[in-house]
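Fold and geometry: a report
Chain residues, written in single-letter form:
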Number of protein chains: 4
Amino acid sequence: MCRYVSYLGDELTLSELVYRPANSLIHQAAEAMESRTRINADGFGVGWYNHKVHPEPAVFKDVTPAWNNANLRSLSETVTSSCILAHVRKAQRFDPVNRSNCHPFQHGRLLWMHNGDIPGRGRLHRRVCERVPDELVARIAGNTDSELAFILFLSLLEPPLDRSIEAAELADAFARTLEQLEAWWSSDGSTEPLVMNFCVSNGKSIVASRFALEEQAVPSLHYCVGSEFSCTDGVCRMRCASGRPRSVIVSSEALSADPQWVSVGNRSLVVVAESLSVEVQRLSRAA
Amino acid sequence: MCRYVSYLGDELTLSELVYRPANSLIHQAAEAMESRTRINADGFGVGWYNHKVHPEPAVFKDVTPAWNNANLRSLSETVTSSCILAHVRKAQRFDPVNRSNCHPFQHGRLLWMHNGDIPGRGRLHRRVCERVPDELVARIAGNTDSELAFILFLSLLEPPLDRSIEAAELADAFARTLEQLEAWWSSDGSTEPLVMNFCVSNGKSIVASRFALEEQAVPSLHYCVGSEFSCTDGVCRMRCASGRPRSVIVSSEALSADPQWVSVGNRSLVVVAESLSVEVQRLSRAA
Amino acid sequence: MCRYVSYLGDELTLSELVYRPANSLIHQAAEAMESRTRINADGFGVGWYNHKVHPEPAVFKDVTPAWNNANLRSLSETVTSSCILAHVRKAQRFDPVNRSNCHPFQHGRLLWMHNGDIPGRGRLHRRVCERVPDELVARIAGNTDSELAFILFLSLLEPPLDRSIEAAELADAFARTLEQLEAWWSSDGSTEPLVMNFCVSNGKSIVASRFALEEQAVPSLHYCVGSEFSCTDGVCRMRCASGRPRSVIVSSEALSADPQWVSVGNRSLVVVAESLSVEVQRLSRAA
Amino acid sequence: MCRYVSYLGDELTLSELVYRPANSLIHQAAEAMESRTRINADGFGVGWYNHKVHPEPAVFKDVTPAWNNANLRSLSETVTSSCILAHVRKAQRFDPVNRSNCHPFQHGRLLWMHNGDIPGRGRLHRRVCERVPDELVARIAGNTDSELAFILFLSLLEPPLDRSIEAAELADAFARTLEQLEAWWSSDGSTEPLVMNFCVSNGKSIVASRFALEEQAVPSLHYCVGSEFSCTDGVCRMRCASGRPRSVIVSSEALSADPQWVSVGNRSLVVVAESLSVEVQRLSRAA
């Protein structure tokens, strides 16, 4: 079912987010604790922003398990960023494991990840192609439900896509993406669970969802707000915020034992604005 | 623009077809002689049949240049087959290099390769999705024009696809695939060249095309018929056939200096039947 | 700690050995049952012989987990052999995951695999280089203890190495390899466990060891003899032998629920001769 | 024979060094102009320093041609550094193409690259193992002459290796490495050319050699000093220095048409100090 983590705040090495926490994403690749799929080792990816140099993020994705990738380990000690998204993948049965199917997916300044499952791949693919303009169809590079959802999301943003987009606008297109996918699922009368824990970022805001239509299949989602997330003597902690928050993590699983971790309810959107304020929006049930 | 080779006849090691000839496919990966793209090193693939064991072919594809792949070199000395297809890829600018984009593409008993270019990727992708059933849309794994053409071809065969299909039936669907793609290209008024040197096999027959709509851009295609293709002291030769042919090669480039190599004309189909008889059909211009 | 399987007997598809059994090697990659390391997903390899074509085996190895490798899955349905070795790797902490470190290792007609650990990598490397001729030093391609043990083993065979070698000769050099490695370990006064479950084959015989110097760390080893190993309706069985055996499996774990599986004792050598007779030799303790 | 580039100076994106120049390293991967091997596509690597975060460099290496690696392209636009080393590899015949054989090689703060060939791999490997301490033997991860030369170089530095090392000390150990390798080559009476264009950096200085013992086989080496290397409208230029130099490139080939490029003579060491002063030292012939 995959696992992901996203971060917004003061600059951090990738390592502090991805390797060092007790329940880091690397740990979740082999031993996910809150996931139905304990092993999430069918590729991985990390995207990060360096706004001083380029509005678009760097994306490093590969097909090996995250835990044994020497490039990832090396990069993570040296690269710092104020906005990081990372993902470990559990491929669905016989789905190709290649870079194009790894998350996060990128378009211009935007990164997208998914933890879940949208039933009916062929039908979804066709519907997305019918719905979106040629230039977005041309961007479909792999064959995951996750990427198709991203392409749909992109089509629900006002063009041009290669511009600065506020958190509120991202959240609005995000909610409409969920609505559209739920409507298609309903009209199909599918009996397979629809699971849509997505996460999107423009490098300055993050929007993530916890959303599943079958209660027992809702994958976990947590967030954590504080003044600083850092690691000392092998223990990573989110320090309590005095004044305004300076670090926010939205993650499939709690990375550390800090009491600040909040579990997000089903059918919810977590919106982290550029100010680092966090708002949880309850999604209404489709009419 | 890619290069390919296909073989039907007495059992041969992969090596005799792919490595040992003076102008082998491995050689063409670095030094193609009749291609606009001298280097064809953005992945490779080989498919072969072992009819005694399985009606479906084995497919081995990877993202490295063919010349340095240790697995390919090792397999090629030991694996024998009476029907082999192999391909070295030249990716179009910035197209992903992953296994799903490598040729040959497989569906059930069928293998498909392409050397060429179909302009207008997004539009082609949409049209194919509109045209073919959901279960074929679900089979689109990468983002090449080549795979989309294969999916269209599959939709022009009578289902079920997982059955024995004769050369004549393959050739018919193949010709209609070319027609459809040319019709779409014409209706778009595209000015980019349409180049469609395809090759398909069911393990017992081969159909290949030389087809381009701009004379100066027609990639080469050759075939060679004889009694045996084999290599002695580093020199590979197609021996002359006495009686009925027992070995046929259809290939982007002549592999050896044998006088039997025939250059196929533009807008032609080469049909190699199970009897190893070779027929070259001239394709009529779309009305 | 890795897991391996080896087979000698009537021709079998790779799939029947590697994929289909209830506790197949693919299953052991994610869920090893008798291993301290449940996940063995740091690369894999398979080697097999086709004596009619080439005395040397084909070797296919790659760095992904075995369970998601599309090439392995495709090959396995089509390739048959009378002698197959396969391995899933658990790398030691931070050891590189690359093809050169995957098992089986090959030299000429010989294949070698290891499940275990030899402490003191640098010292072992130096000792092997001091001990073996230049042409074998030049064959060291990776940095595993397993490959160094293979190089030592090769130096204990009578040259030339590229010839047919009987089971008895393999077993003799194998035993001396274990003795030498144990003697080095003893002279170092190492407190780390020495674990040497090796397996070697020339395509016609197999020799494997269960050998560890600390009882609680002895990895499992089993073998199974019968008339035919085959899979029907998803259940794989070793049929009982009437007359002489026609199929032998030597494997880290029992692949099926057949009562024929025998657990090998510690400090033992399993020698499968070309006649498929199986002899278990108790190794004496070094003086 | 490989090609490399190294940079020291004001912060630059990797892209400005590796992709954008007319004769960039990416260009040299497919079309090297001053090399006997036009294609250098058997893997690549890039290392860079971020002194504010970590004294050790990040290293990203992979086995595909540099020109089609999507991770490299993405990283290069976003990552900046004041010290960058990059390399495209041409493997010697049948040498494994894996990450451990890609350059640059790293140990602690040091990066090492090679363009050339040291004959007699097995003998070199043995000699290095005899000469260096166990902990350095344990660091040999691949099987290139280049890495063995690096291990020898490391053994000629005063331990501990994980400290700040001045340019002069690097240059001294570097010269002794060349001497030792030349002495071994001479004592063997080898008739194969000894080619040792190495490059080492600690993140603050660079030392590189042009060194071959057969005049016709000396690979090219150039350097360029100026105030700023940057790209405008697709044209990359080294601006002339007013005052002290602020950017130095040492590279197998001139990257741009700037008149500042200087060709280094054979048997020379280029030493770029932390002040960015460049000194070319003539190496004396071994007695």
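Procedures and definitions
- Residues numbered from 1 in each chain as written.
- Chains lettered and ligands numbered in written order.
- Predicted model: local features only at pLDDT ≥ 70, side-chain atom pairs only at ≥ 80, totals over all residues.
- Heavy atoms only, no water.
- Helix = DSSP H or I, 4+ residues; strand = E, 2+ residues; numbered from the N terminus.
- Rg over C-alpha atoms; globule rule 2.2 N^0.38 Å.
- Contact = heavy atoms within 4.5 Å.
- Areas by Shrake-Rupley, 256 points an atom, 1.4 Å probe, with all protein chains shown as cover.
- 1 Å grid on protein atoms, 1.4 Å probe; cavity = no way out; pocket = protein on both sides within 12 Å on 5 of 7 lines; lining within 4 Å.
- Points joined across faces, edges and corners; volume = space filled by probe spheres on them.
- Buried area = accessible area lost by both parts, 1.4 Å probe.
- Salt bridge = Lys/Arg side-chain N within 4 Å of Asp/Glu carboxyl O.
- Least-squares fit on C-alpha atoms with pLDDT ≥ 70 in both.
- Buried < 20%, exposed > 50% of the residue type's maximum accessible area, 1.4 Å probe, protein only.
- Pairing = 2+ DSSP bridges.
- Phe/Tyr/Trp six-rings, centres within 6.5 Å; stacked < 30°, edge-to-face > 60°.
- Polar contact = N/O pair within 3.5 Å; in protein donor to acceptor, adjacent residues only side chain to side chain.
- Axes fitted to C-alpha atoms, helices over the stretch in contact; angles between N-to-C directions.
- Parallel < 35°, antiparallel > 145°, perpendicular 65-115°, else oblique.
- Left-handed = near helix turned anticlockwise from the far one by under 90°.
- Nonpolar A, V, L, I, M, F, W, Y, C, P; charged D, E, K, R; others polar.
- Disulfide = S-S within 2.5 Å.

Notes on the overall build of chain A
- Each helix and strand counted, chain A has seven helices and 15 strands in total.
- Against the globule reference of 19 Å for 287 residues, chain A gives a C-alpha radius of gyration of 17 Å, in line with a compact fold.
- Considered along the principal axes of its C-alpha atoms, chain A spans approximately 55 × 40 × 40 Å.
- Sequence separation of at least 24 residues holds for 67% of the intrachain contacts in chain A that already meet a minimum separation of 6.
- Accessible surface, chain A: about 9900 Å² in total, of which carbon and sulfur atoms supply 48%.

Comments concerning the layout of surface pockets
- In this structure, the second largest pocket encloses a volume near 630 Å³.
- Residue lining of the second largest pocket: 23 residues in total, with Lys 90, Arg 93 and Phe 94 of chain A together with Ile 26 and Trp 67 of chain C positioned closest to the centre.
- Of all elements in the fold, only helix H2 (25-31) and helix H3 (70-78) of chain C reach the threshold of two or more residues within the lining of the second largest pocket.
- Broken down by element, the residue count for the lining of the second largest pocket peaks at four residues, all from H2 of chain C.

Brief notes about the interface of chain A and chain D
- On the chain D side, the residues contacting the 21 residues of chain A number 21 residues.
- In this assembly, chain A packs against chain D so that about 1600 Å² is buried in total across both faces, 55% of it on carbon and sulfur atoms.
- Broken down residue by residue, the surface that chain A buries against chain D is led by Val 53, Asn 71 and Thr 78 of chain A, which jointly contribute 32%.
- On the surface where chain A and chain D come into contact, there are zero salt bridges.
- Secondary structure elements with two or more residues in the side of chain A that touches chain D: strand E2 (44-50), strand E3 (54-62) and helix H3 (70-78) of chain A.
- Ranked by residues supplied to the side of chain A that touches chain D, first place goes to E3 of chain A with eight residues.

Some remarks on the relation of the copies chain D and chain B
- Rotating chain D by 180° and translating it 0.0 Å along the rotation axis places it on chain B, where the RMSD comes to 0.0 Å. The transformation relating the two chain copies, once decomposed into turn and shift, fits a two-fold axis. Every residue of chain D has its C-alpha some distance from the rotation axis, and the shortest such distance is that of Thr 64 of chain D, at 2.6 Å.
- A high fraction, 100%, of the interface residues of chain D reappear at the interface in chain B, so the copies pair face to face through one surface.

Concerning the environment of Asp 233 of chain B
All names here are of chain B.
- Secondary-structure assignment places Asp 233 in the loop between strand E10 (228-232) and strand E11 (235-239).
- Assessed through its relative accessible area of 76%, Asp 233 is described here as exposed.
- Taking the C-alpha atoms as reference, Asp 233 lies 19 Å from Pro 259; in sequence the two are 26 residues apart.

Side note on the sheet that holds strand E12 (residues 247-251) of chain B
Residues and elements named next belong to chain B.
- In space, the seven strands of this open sheet follow the order E3-E2-E4-E1-E12-E9-E13, with antiparallel pairing throughout. If you trace the sheet from one side to the other, it starts and ends with strand E3 (54-62) and strand E13 (262-263), each paired once.
- Summarising the sheet, strand E9 (residues 222-226) and E12 pair through five bridges and their orientation is antiparallel. Following the sheet pairing, Cys 224 is matched in E12 by Ile 249.

A few points about the packing of aromatic side chains
- Summed over the entire model, instances satisfying the criterion amount to 34 aromatic pairs over all chains.
- Pairing Phe 150 of chain B with Phe 153 of chain B gives two aromatic rings, centres 6.4 Å apart and planes at 20°, and the pair type is stacked. Here Phe 150 of chain B and its partner Phe 153 of chain B are both found in helix H6 (residues 145-155), three residues apart, which amounts to about one turn of the helix. Here the two residues Phe 150 of chain B and Phe 153 of chain B agree in accessibility, since each one is buried.
- Through a chain of ring-to-ring contacts, three or more aromatic side chains come together here, namely Trp 112, Phe 150, Phe 153, Phe 174 and Phe 198 of chain A.

Notes on the interface of chain D and chain B
- Each partner contributes residues to the interface: chain D has 14 residues there, and chain B has 14 residues.
- Across the chain D/chain B interface, buried area totals approximately 1200 Å², and carbon plus sulfur atoms make up 56% of it.
- Run the count over chain D and chain B and you get two salt bridges.
- We note a salt bridge from Glu 31 of chain D to Arg 38 of chain B, for which the minimum N-O separation is 3.3 Å.

Let's talk about the relation of the copies chain A and chain D
- Overlay of chain A on chain D (RMSD 0.0 Å): rotation 180°, translation along the axis 0.0 Å.
- A share of 100% of the interface residues of chain A reappears at the interface of chain D, consistent with the copies meeting face to face through the same patch.

Let's talk about the environment of Glu 253 of chain A
All names here are of chain A.
- Examined against the element boundaries, Glu 253 turns out to sit in the loop between strand E12 (247-251) and strand E13 (262-263).
- Ignoring anything within four residues of it in the chain, the contact list for Glu 253 reads Arg 3, Asn 23, Gln 28, Ala 32, Met 33, Glu 34, Ser 35, Ser 220, His 222 and Trp 261.
- In terms of polar contacts, Glu 253 uses its side chain to reach the side chain of Arg 3, at 2.8 Å.

Things to note about the packing of helix H4 (residues 121-131) of chain C against helix H4 (residues 121-131) of chain D
- At a closest axis distance of 9 Å, the pairing of H4 of chain C and H4 of chain D adopts a crossing angle of 130°. Relative to H4 of chain D, the element H4 of chain C lies oblique. You can see that H4 of chain C and H4 of chain D cross each other, and the crossing is left-handed. For the pair H4 of chain C and H4 of chain D, contact is made by His 125, Arg 126, Cys 129 and Glu 130 of chain C and by His 125, Arg 126, Cys 129 and Glu 130 of chain D, respectively.
- For the contact of H4 of chain C with H4 of chain D, a count of residues per class yields two nonpolar, two polar and four charged.

Let's talk about the state of the cysteines
Residue and element names in this part refer to chain C.
- Scanning the entire structure with this criterion turns up four disulfides over all chains.
- Each sulfur in the disulfide pair Cys 231 and Cys 236 lies 2.1 Å from the other. With the S-S bond torsion at 100°, the cross-link from Cys 231 to Cys 236 turns out right-handed. Across the pair, exposure class does not vary: Cys 231 and Cys 236 are buried alike.
- Cysteine Cys 102 is unpaired, with the sulfur of Cys 2 as its nearest cysteine sulfur at 9.6 Å.
- Residue Cys 102 is classed as buried on the basis of its relative accessible area, which comes to 0%.

Quick word on the sheet that holds E12 of chain A
- Strand order across the open sheet formed by seven strands is E3-E2-E4-E1-E12-E9-E13 (chain A), with antiparallel pairing between neighbours. Where the open sheet ends on each side, the last strands, each with one partner, are E3 and E13 of chain A.
- Sheet analysis places E2 of chain A next to E3 of chain A, joined by six bridges and oriented antiparallel. Within E3 of chain A, the residue paired with Asn 50 of chain A across the bridge is His 54 of chain A.
- Here helix H3 (residues 70-78) of chain D sits on the sheet and contacts E2 and E3 of chain A; the angle it forms with E3 of chain A, its principal contact strand, is near 150°.

Brief notes about the pattern of salt bridges
- Within this structure, the stated rule accounts for 62 salt bridges over all chains.
- One salt bridge in this structure joins Arg 20 of chain B and Glu 77 of chain B, with 3.0 Å as the shortest N-O distance. Of the two residues, Arg 20 of chain B sits in the loop between helix H1 (14-18) and helix H2 (25-31) while Glu 77 of chain B sits in helix H3 (residues 70-78), which places them 57 residues apart along the sequence.
- Judged by relative accessible area, Arg 20 of chain B falls into the partly exposed class, the value being 35%.
- Residues joined in a network through salt bridges with shared partners are Arg 123, Arg 126, Arg 127 and Asp 188 of chain A together with Asp 134 of chain B.

Spatial relationships are all this shows, so hold off on functional conclusions.
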